[in-house]
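The primary structure of each chain is shown beneath.
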Amino acid sequence: MQVAAVTARPLRGNRPIATALAVAALTALGGHIASAAPVPIVDDTGAIAAPSSTQISFAHNPTGLRAGTANEHESRADVSIVKMYPAEYVLTYVDPADHADATEMIRSSNDAIADRLHAEYPQAISSTAAEFGLTDTHVPGYWGVGTTSTHDMVTYRETKKRTDPGSPVLAAMATAYDTAVDGYPQDYGTALIAGVIGTKRGWSDDRSFHASDSFGPDFSVAASTYGSAGTLSEHVLGAFTERVPPRPETGPSLQDCPPLCRLAGDPLLGPPAQDLLDGLPPVVTDPICG
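**Q** What exactly am I supposed to notice about the overall build of the chain here?
**A** A tally of helices and strands in the chain yields 9 helices and 11 strands. Across the 290 residues of the chain, 57% fall into the buried class. By sequence separation, contacts in the chain at least 24 residues apart represent 65% of the contacts at least 6 residues apart. Total accessible area computed for the chain in this model is approximately 11,500 Å², and 56% of it derives from carbon and sulfur atoms.

Following this line, the structure appears as C-alpha cells:
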C-alpha cells in the first residue's frame, strides 16, 4: 500500500498506526457508511439460511447479534483470505521494512508477497490464530493449503475493530484494488452488501471455490462457497435483508471473551482508540469472539 500517512501514533507497543490513511479511506467511502446494517435471514433454528455449499457468518456490534449458517465452523480452504493473518503478525511484530508489502498483499491479493512473508515468518499464521482464538484455522505448512472458517474471519475482524480500529489491516481492506494482481476482479460476495467499508477476497486457482470477508461501521460478515464468484454473490445477497437488527432474546452471548494476551493492561484501550471509526455510529466495546 503505497500511501503515506499524514500522522501516526503508537497504539500497541511502539507500532505506528497509519491513522490518516484509515480515516481517509472511510471518508472516501462515506456513502456506504450511511447505509443501515444488513440483517441475516434465519431459519427455524436461528441459523442463516443458505445452501449447504455456502458458509456465512455475521456479527452486529451494537445489538450483540451474532448469526451464522449451520456449517459456519466448518474449516474450509483458506485461499487468499488467510493473508490477513500473516499481515496481522507482520504489522504488529515485524520490522517496518515489511509493512508496505503486508498491506499491499491484502489490497492486491499478491501471492508472491505471501510466499515471501510466509517463508520469512512461518509462525505468523499460527501465532495470529492462537492470539485471536481462531479455533477453526489450521495451516500445517504452506499458507495456501491451510483451512479456516467464516466464523473465525468474523471473530478476527470484530476483535480488530474493537481493540485496534486504526489498524493498517482494516485500512488495506478499505482501499483494496478493484482487480487483483493476477487480473481477477475483486467485486463479489460480501463486498456487494450495502454498508460494507472494506473487504478481503479469496479464490481457488481453478475458480471453483470463492470466499470474502467484509466489515461495515457496525457489522462484520464473511462467506465462502464451493462455486463461482457469482454463486457466492447470489447466496450472500439472498441471505440478508436491510433493516435494523433486533436485540436477540436468546442465542450466543458476546460477553466474557478471553482478552488478547498482548493487549492486557494497555491504557490506550480504555476506551479503545477510535482512529478508524471516528464519526461512525457508536458501538459497544465488548469483544465479539463467539
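Alright, that's what it looks like, and here's the rest.
**Q** Explain the environment of Tyr 188 here, please?
**A** Note on placement: Tyr 188 falls in the loop between helix H8 (168-174) and strand S8 (198-203). The exposure class assigned to Tyr 188 is buried, which follows from its relative accessible area of 3%. Distance from Tyr 188 to Leu 232, taken between C-alpha atoms, is 7.3 Å for residues 44 residues apart in sequence. Dropping the residues within four chain positions of it, Tyr 188 is found in contact with Arg 201, Gly 202, Trp 203, His 210, Ala 211, Ser 212, Ala 229, Leu 232 and Ser 233.

**Q** I tried to follow the packing of helix H3 (residues 84-93) against helix H6 (residues 124-132) on my own but got confused; where do I start?
**A** Describing two packed helices takes the angle between their axes plus the distance from one axis to the other. Relative to each other, H3 and H6 sit at 90°, their axes nearing to 8 Å. Relative to H6, H3 is oriented roughly perpendicular. The segment H3 lies against H6, with Tyr 85, Pro 86, Glu 88, Tyr 89 and Tyr 93 engaging Ala 124, Ile 125, Ser 127, Thr 128, Glu 131 and Phe 132. Of the residues in the contact of H3 with H6, the class split is 7 nonpolar, 2 polar and 2 charged.

**Q** Help me understand the nonpolar core, please; the structure alone is not making it clear to me.
**A** Soluble globular proteins tend to pack their nonpolar side chains together in the buried interior. Counting 37 residues, the largest nonpolar core has Tyr 85, Leu 117, Tyr 121 and Tyr 156 as the members making the most contacts within it. Put simply, the parts of the chain that give this core at least two residues each are H3, helix H4 (99-108), helix H5 (111-120), H6, helix H7 (150-163), H8 and strand S9 (210-215). Element by element, the count of residues in this core is highest for H3, at 6 residues. When sequence neighbours within four positions are dropped, the list of residues in contact with Leu 117 reads Val 90, Asp 98, Ala 102 and Met 105. By size, the runner-up hydrophobic cluster in this structure holds 20 residues, among which are Tyr 184, Trp 203, Val 221 and Ala 239.

**Q** For this particular structure, what's the right way to read the packing of H4 against H5?
**A** Direction vectors running N to C along H4 and H5 enclose 135°, while the axes themselves pass 9 Å from each other. The pairing of H4 with H5 is recorded here as oblique in orientation. The hand of the H4/H5 crossing is left-handed. Taken together, the residues of H5 that come into contact with H4 (itself represented by Asp 101, Ala 102, Glu 104 and Met 105) are Ile 113, Ala 114, Arg 116 and Leu 117. Taken together, the residues of the contact of H4 with H5 break down into 5 nonpolar, no polar and 3 charged.

**Q** Explain the packing of aromatic side chains here, please?
**A** Where two aromatic rings form a pair, the distance of their centres and the angle of their planes describe that pair. A full pass over the atoms with the stated rule returns 10 aromatic pairs. Ring centres of Tyr 89 and Tyr 121 lie 6.4 Å apart, and the angle between their planes is 50°; on these two criteria the pair is classed as tilted. Pair noted here: Tyr 89 is in helix H3 and Tyr 121 is in the loop between H5 and H6, with a separation of 32 residues, a long-range link. Accessibility expressed as a relative area gives 13% for Tyr 89, which makes it buried. Judged by its relative accessible area of 11%, Tyr 121 is buried. Consider the rings of Phe 132 and Tyr 156, whose centres lie 4.9 Å apart with planes at 70°: the pair is edge-to-face. Here Tyr 156 lies in helix H7 and Phe 132 lies in helix H6, a separation of 24 residues in the sequence. Taking the relative accessible area as the measure of exposure, Tyr 156 reaches 0% and is therefore buried. Taken together, Phe 58, Phe 219 and Phe 240 form an aromatic cluster joined through their ring pairs. The ring of Tyr 184 has Arg 207 lying over it, and the distance from NZ or CZ to the ring centre is 4.3 Å.

Conventions we followed
Residues numbered from 1 in each chain as written. Predicted model: local features only at pLDDT ≥ 70, side-chain atom pairs only at ≥ 80, totals over all residues. Heavy atoms only, no water. Helix = DSSP H or I, 4+ residues; strand = E, 2+ residues; numbered from the N terminus. Buried < 20%, exposed > 50% of the residue type's maximum accessible area, 1.4 Å probe, protein only. Contact = heavy atoms within 4.5 Å. Areas by Shrake-Rupley, 256 points an atom, 1.4 Å probe, with all protein chains shown as cover. Axes fitted to C-alpha atoms, helices over the stretch in contact; angles between N-to-C directions. Parallel < 35°, antiparallel > 145°, perpendicular 65-115°, else oblique. Nonpolar A, V, L, I, M, F, W, Y, C, P; charged D, E, K, R; others polar. Core = buried A, V, L, I, M, F, W, Y, C linked by side-chain atoms within 4.5 Å. Left-handed = near helix turned anticlockwise from the far one by under 90°. Phe/Tyr/Trp six-rings, centres within 6.5 Å; stacked < 30°, edge-to-face > 60°. Lys NZ or Arg CZ within 6 Å of the ring centre and 35° of its normal.

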